[in-house]
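Here's the letter readout for the chains.
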Amino acid sequence: MRSYRKPAAIGLGCLLALATAGCSGQGDAAPAAPASPPVTTAAPGTSPPAGTGTSYAPYVSSTEAAGTDSAGSPATYNLAFVIADGGDCTPRWNGTHAIGDAAIASRIARLKEAGGQVRVSFGGASGKELAANCDSASDLAAAYDEALDAAGATLADFDIEGDELADSASIALRSQAIARLQRERADLEVSFTLPVMPSGLGKDSLALLASANDNGVQVSTVNLMTMNYGTSYDGDMGGYALTAAEAAHTQLKKVFGTSDAAAWRGMALTSMIGVNDVKGETFTLSDAAQVRAFAEEKGIAWVSMWSTARDRQCPAGSGSGEAATDCSGVTQSSGAFGKAFAG
């Protein structure tokens, strides 16, 4: 997905700690410290607990508030993004703001006061994800830990795309660091946000998930970026999202050896609202309603969008046909996409 750092075009483990019995191939990649046995809280195919329906968890800027952040009363806010600045292993909001920045701490507190929890999202389309810079799994885990502590978060999202999705060295280091972090933070829930096509996840995304699985990472959710497929996909964006989800569901069942219900529960869907970066792709309010209904039917964990700052009509109405960072490019009332995704 786009970064709040600059308007760049989208580059945009042992699955389901809540719903699986164990990991396969654990320990093959030699994590930094001996792995603990995977935590099991339910057997394969177990239905999610009562009251855990599909939630709404949009991406928000970690540094700048938008008037539409709270539209739809999100259950969770995905804070975008924590990345490195230059070539060091120091985490920074957007690559520009210190993790201890007082203004950002106040912003996070206000988001929580609005009734939601926060998930720290590491990575994104611009800048460097910390795994590309840190020299060891212990250093990388410490960088992730610092950001999570600053946000008071028990949820971590890893948005991996572009060149870093094919970087086997950083993928292995990240898997080892996350596994280490989960041993130290028993309540940490991890999601991976990955690009997808209507045909499903690509080989690099599947390799990343295999690496997480091999290192004993407990992955609660695989979040599919249902957006920006390419110039040949200029049809129904809602339909493409559903087709992509169906294809990925089959893949996740195979990768993690889990049940139909558990694979759906371990999935999230994130759409780029309005005009996408690829010409001819426009995600409408009716598409949002379609995705929400599908997610509820399948028992998908959460739905999301990129991003709350775009959930308003452009000053010129439907816009120029180019994706903007601060408006959707379609005719809408402010916050309408948030309300549609919230159901």
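Everything discussed here concerns the structure shown above.
As the structure is a prediction and not an experimental result, all values here were calculated from the model. (Residues numbered from 1 in each chain as written. Predicted model: local features only at pLDDT ≥ 70, side-chain atom pairs only at ≥ 80, totals over all residues. Heavy atoms only, no water.)

Of all five residues making up strand 14 (residues 302-306), five are buried, and the element is well covered by its neighbours. Burial of strand 14 is two-sided: the residues Trp302, Ser304 and Trp306 facing one way and the residues Val303 and Met305 facing the other way are all buried. Note: strand 2 (residues 55-56) against strand 14, two bridges, orientation parallel. In the strand pairing of strand 14, serine 55 is matched with tryptophan 302. (Buried < 20%, exposed > 50% of the residue type's maximum accessible area, 1.4 Å probe, protein only. Helix = DSSP H or I, 4+ residues; strand = E, 2+ residues; numbered from the N terminus. Pairing = 2+ DSSP bridges.)

Moving on, we get to helix 7 (residues 285-298). Compared with the 20 Å implied by 1.5 Å per residue over 14 residues, the 20 Å span of helix 7 between its first and last C-alpha is a close match. Among the residues of helix 7, those classed as buried are Asp287, Ala288, Val291, Arg292, Phe294 and Ala295. Each buried residue of helix 7 sits inside an arc of 165 degrees when the element is viewed along its axis, so together they form one side. More than 90 degrees from the buried face of helix 7, the exposed residues found are Ser286 and Glu297. (Expected span 1.5 Å × (residues − 1). Arc of directions from axis to C-beta.)

The N-to-C vectors of helix 3 (residues 168-184) and helix 4 (residues 203-214) enclose an angle of 35 degrees; their axes lie 9 Å apart at closest approach. Viewed along their axes, helix 3 and helix 4 form a crossing whose handedness is right-handed. Packed against helix 3, whose contacting residues are Ile171, Ala172, Arg174 and Ser175, the element helix 4 presents Leu208, Ser211 and Ala212 at the interface. Looking at the contact of helix 3 with helix 4 residue by residue, the class counts come to four nonpolar, two polar and one charged. (Axes fitted to C-alpha atoms, helices over the stretch in contact; angles between N-to-C directions. Left-handed = near helix turned anticlockwise from the far one by under 90°. Contact = heavy atoms within 4.5 Å. Nonpolar A, V, L, I, M, F, W, Y, C, P; charged D, E, K, R; others polar.)

This brings us to unusual backbone geometry. Between alanine 80 and phenylalanine 81 the backbone carries a cis peptide bond, its omega angle lying at -15 degrees. With respect to the secondary-structure elements, phenylalanine 81 resides in strand 4 (residues 76-83). Although it is not a glycine, serine 73 adopts a positive phi angle of roughly 50 degrees. The class of serine 73 is exposed, set by a relative accessible area of 62%. Phi at asparagine 94 takes a positive value of approximately 60 degrees, unusual for a residue other than glycine.

This part is about the state of the cysteines. Here the structure, examined in full by the defined rule, presents two disulfides. Paired through a disulfide, cysteine 89 and cysteine 134 show a sulfur-sulfur distance of 1.8 Å. Judged by the sign of its S-S torsion, about 90 degrees, the bond between cysteine 89 and cysteine 134 is right-handed. Here cysteine 134 lies in the loop between strand 7 (117-123) and helix 2 (137-151) and cysteine 89 lies in the loop between strand 4 and strand 5 (92-93), a separation of 45 residues in the sequence. For cysteine 89, a relative accessible area of 24% translates into the label partly exposed. One disulfide bridge connects cysteine 314 with cysteine 327, the sulfur atoms lying 2.0 Å from each other. In this structure, the disulfide formed by cysteine 314 and cysteine 327 twists by about 85 degrees around the S-S bond and is classed as right-handed. On the criterion of sequence distance, the pair formed by cysteine 314 in the loop between strand 14 and helix 8 (336-342) and cysteine 327 in the loop between strand 14 and helix 8 is long-range, its members being 13 residues apart. (Disulfide = S-S within 2.5 Å.)

Attention now goes to the packing of aromatic side chains. Scanning the model with the defined rule gives 14 aromatic pairs in all. Taking 6.4 Å as the distance between ring centres and 10 degrees as the angle between the ring planes, the aromatic pair formed by tyrosine 56 and phenylalanine 341 counts as stacked. Note that tyrosine 56 is positioned in strand 2 and phenylalanine 341 in helix 8, a separation of 285 residues in sequence. Judged by its relative accessible area of 4%, tyrosine 56 falls in the buried class. Taken together, Tyr56, Phe283, Phe337 and Phe341 form an aromatic cluster joined through their ring pairs. (Phe/Tyr/Trp six-rings, centres within 6.5 Å; stacked < 30°, edge-to-face > 60°.)

The next subject is the environment of proline 91. Locating proline 91 in the fold gives a position in the loop between strand 4 and strand 5. Taking the relative accessible area as the measure of exposure, proline 91 reaches 3% and is therefore buried. Proline 91 sits 55 residues away from glutamate 146 along the chain, and the two C-alpha atoms are 7.7 Å apart. Beyond its immediate chain neighbours, meaning those up to four positions away, proline 91 contacts Val82, Ile83, Ile99, Leu130, Ala143 and Glu146.

On to the nonpolar core. The biggest cluster of nonpolar side chains holds 74 residues, and the ones touching the most others in it are Phe122, Tyr144, Phe192 and Phe341. The greatest single-element share of this core, amounting to nine residues, is contributed by helix 5 (residues 237-256). Discounting residues that sit within four places of it in the chain, phenylalanine 192 has contacts with Asp157, Phe158, Arg174, Ile178, Leu208, Leu209, Ala212, Val219, Thr221, Val222 and Asn223. In terms of nonpolar packing, the next biggest core, distinct from the first, is built from eleven residues, Phe81, Ile83, Met225 and Met272 among them. (Core = buried A, V, L, I, M, F, W, Y, C linked by side-chain atoms within 4.5 Å.)

Relative to the helices and strands, glycine 200 resides in the loop between strand 9 (189-195) and helix 4. Take glycine 200: its relative accessible area is 4%, and that puts it in the buried class. Each C-alpha atom of the pair glycine 200 and alanine 248 lies 4.7 Å from the other, and the pair is 48 residues apart in sequence. Those residues within four positions of glycine 200 in sequence are excluded, and the remaining contacts are Ala244, Ala247, Ala248 and Gln251.

Relative to the helices and strands, glycine 123 resides in strand 7. As a C-alpha pair, glycine 123 and aspartate 157 span 34 residues in sequence and 8.6 Å in three-dimensional space.

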